[in-house]
Amino acid sequence: MSTSTTTVAAKGVAGRPRAAAPGRRAGRPAGRTHKAFSPWLFLAPGLLITLAFNLYPFLATVWKSFTDARTLTTGEFVGFDNFTALVHDDQFWVALRNSALYVVLVVPCLVLLPLLLALLVQRHIPGIAFFRSAYYTPVVASVVVVALMWVWMLDDRGFINGVLRMVGVDPVPFLSNQWLLLLSSMALTVWKGLGYYMIIYLAALANVPRELHEAAEVDGAGPIRRFVSITMPSVRSTMVLVGALSSVSAFKVFTEVFMIAGPTGGPGGDDTTLVMLIQRTGTGLQGRTGYASAMSIVLFLLTLVLMLLVLRADRKDKD
């Protein structure tokens, strides 16, 4: 065979496309299949946890809300009987009133007071780090421990009433009066949440241009005018975020009222909140889990409506 023939044959063999391996689709790179499944492998643990501890309990609660299930029995399908019973349940309306009052009174405080506190501690002066840490300490403290401290202070023989006796003032029934007890729980919620939302506002205030305040000050604007015209519009989106977070937390309040008012929800149960009523109804050997699930669905829908109202108000302000 001549040299030229050998060269042509070699080129023909070298130029021939490689045959696809058995079991592999022709024209598709080998690593593409692995790249397509790799993200799902990383997401799988989180998705499984979400399905097991969030989605499945939610769907189970929705199903149980239409049954007469109890703690030890699965119950039978009863349709909307549980929701109809809620309309005629006086305890439910009392709990709904208390939860609504919690939102109305606590949320404005947690939207405005942490902003004012952030304005105070954002100044670079000696010792300001100590005050920032002091204001944030209630956030990291256990809510149970903090609530016990408040109970000791507000008790008839506690610190506050002891001081009032020393100055000749009659003791105040913080823990026995229906409205004072509820207001005391609200004060605890506000006090414990101030530091958390203060940190959020500090991050937002760091992005406000200093030149705006300097220009307004040159034009003769005072501190209040600069706060209303510059600071609040600059952190409006953060205020909406704080309002949304605090609204959900206030509507689902449990520990503060439970620790201060007790398991019964204060005298006659007049300070019971929705979450406390759900916990009381759905626990125990004879717990009415179906009825408690119906209240949980109502709480979820009310929270969802509240969130949508907050977002809609924010959109109107932007428009």
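These figures come from a predicted structure and were not determined experimentally.

(A) Main features of the overall build of the protein chain. Check the secondary structure of the protein chain and you find 14 helices and zero strands. Listed N to C, the secondary structure of the protein chain is α-α-α-α-α-α-α-α-α-α-α-α-α-α in terms of helices and strands. Considering the protein chain as a whole, with its 319 residues, one finds that 33% of them fall into the buried category. When contacts within the protein chain are restricted to residue pairs at least 6 apart in sequence, long-range pairs at least 24 apart make up 67% of them. Surface summary for the protein chain: the accessible area is close to 20,200 Å², and the carbon and sulfur share equals 67%.

(B) Spatial organisation of the environment of Val 107. Within the secondary structure, Val 107 sits in helix H4 (residues 90-121). As for Val 107 and Ser 247, which are separated by 140 residues in sequence, their C-alpha atoms are 5.9 Å apart.

(C) Structural detail: the side chain of Thr 281. Considering the arrangement of structural elements, one finds Thr 281 in helix H13 (residues 274-282). When its relative accessible area of 16% is taken as the criterion, Thr 281 is described as buried. Side-chain polar atoms of Thr 281 contact the backbone oxygen of Leu 277, separated by 2.7 Å. Not counting residues up to four positions away in its chain, the partners in contact with Thr 281 are Gly 287, Arg 288, Tyr 291, Ala 292 and Met 295.

(D) Inspection of the packing of helix H9 (residues 210-218) against helix H10 (residues 223-234) at higher detail. Between H9 and H10, the shortest axis-to-axis distance is 10 Å and the interhelical angle comes to 150 degrees. In terms of their interaxial angle, H9 and H10 are classed as roughly antiparallel. In the crossing of H9 with H10, the sense of the turn from one axis to the other is right-handed. On H10, the residues touching Leu 212, His 213, Ala 216 and Glu 217 of H9 are Arg 226, Ile 230 and Thr 231.

(E) Molecular detail of the environment of Val 111. Looking at the secondary structure, you find Val 111 in helix H4. Note: C-alpha distance between Val 111 and Val 240 (129 residues apart in sequence) is 8.3 Å. Excluding anything up to four places from it in sequence, Val 111 contacts Tyr 201, Met 239, Val 242, Gly 243 and Ser 246.

(F) Structural view of the layout of surface pockets. Computed from the structure, the largest pocket encloses a volume of approximately 610 Å³. If you trace the largest pocket, you find 18 residues lining it, with Leu 119, Gln 122, Arg 123, Arg 210 and His 213 closest to the centre. Only H4, helix H8 (178-205), H9 and H10 provide two or more residues apiece to the lining of the largest pocket. Sorting elements by how many residues they give to the lining of the largest pocket places H10 first, with five residues. Here the second largest pocket is characterised by a volume of approximately 310 Å³.

(G) Region of the structure containing H4. End to end, H4 covers 46 Å across 32 residues, agreeing with the expected 46 Å (1.5 Å per residue, within 8%). When the local axis directions of H4 are compared, the greatest deviation, roughly 30 degrees, occurs at Val 106, which is followed within four positions by the proline Pro 108.

(H) Up close: the confidence of the model for the protein chain. Looking at the protein chain, the pLDDT average stands at 85 and 88% of residues meet or exceed 70. The least confident element of the protein chain is helix H1 (residues 3-15), whose mean pLDDT is 46; the most confident is helix H3 (residues 81-87), at 95. Here residues 1-15 is a poorly scored stretch, pLDDT under 50, and it has one contact once near neighbours within four places are set aside; other chains count.

(I) Examining the nonpolar core more closely. Grouped together as the largest cluster of nonpolar side chains are 60 residues, with contacts concentrated most on Leu 86, Phe 92 and Tyr 102. Top contributing element to this core by residue count: H4, with 13 residues. If we skip the residues at most four places from it in the chain, Leu 86 touches Phe 92, Trp 93, Tyr 291, Ala 294, Met 295 and Val 298.

(J) Examining a nonpolar patch on the surface more closely. Side chains of Leu 48, Leu 51, Leu 55, Phe 58, Leu 59, Phe 300, Leu 301, Leu 304, Leu 308 and Leu 311 sit close together on the surface and give an oily, nonpolar patch of about 910 Å² of accessible area. Of all elements in the fold, only helix H2 (30-64) and helix H14 (289-318) reach the threshold of two or more residues within the nonpolar patch. Within the secondary structure, Phe 58 is located in helix H2. Classification of Phe 58 as partly exposed rests on a relative accessible area of 33%.

(K) Highlighting the packing of helix H6 (residues 143-154) against H8. Taken N-terminus to C-terminus, the directions of H6 and H8 make an angle of 135 degrees; their axes are 11 Å apart at the nearest point. On the basis of their axis angle, the class for H6 and H8 is oblique. Remark: the crossing between H6 and H8 carries right-handed chirality. Across the interface between the two elements, Val 143, Val 146, Ala 147, Trp 150 and Leu 154 of H6 pack against Ser 184, Ala 187, Leu 188, Trp 191 and Lys 192 of H8. Within the contact of H6 with H8, the residues separate by chemical class into eight nonpolar, one polar and one charged.

Basis of the calculations
- Residues numbered from 1 in each chain as written.
- Predicted model: local features only at pLDDT ≥ 70, side-chain atom pairs only at ≥ 80, totals over all residues.
- Heavy atoms only, no water.
- Helix = DSSP H or I, 4+ residues; strand = E, 2+ residues; numbered from the N terminus.
- Buried < 20%, exposed > 50% of the residue type's maximum accessible area, 1.4 Å probe, protein only.
- Contact = heavy atoms within 4.5 Å.
- Areas by Shrake-Rupley, 256 points an atom, 1.4 Å probe, with all protein chains shown as cover.
- Polar contact = N/O pair within 3.5 Å; in protein donor to acceptor, adjacent residues only side chain to side chain.
- Axes fitted to C-alpha atoms, helices over the stretch in contact; angles between N-to-C directions.
- Parallel < 35°, antiparallel > 145°, perpendicular 65-115°, else oblique.
- Left-handed = near helix turned anticlockwise from the far one by under 90°.
- 1 Å grid on protein atoms, 1.4 Å probe; cavity = no way out; pocket = protein on both sides within 12 Å on 5 of 7 lines; lining within 4 Å.
- Points joined across faces, edges and corners; volume = space filled by probe spheres on them.
- Expected span 1.5 Å × (residues − 1).
- Bend = angle between axes of the 7 residues up to and from the residue.
- pLDDT = per-residue confidence, 0-100.
- Core = buried A, V, L, I, M, F, W, Y, C linked by side-chain atoms within 4.5 Å.
- Patch = residues over 30% accessible without salt bridge, like charges linked within 9 Å, V, L, I, M, F, W, Y side chains within 5 Å.
- Salt bridge = Lys/Arg side-chain N within 4 Å of Asp/Glu carboxyl O.
- Nonpolar A, V, L, I, M, F, W, Y, C, P; charged D, E, K, R; others polar.

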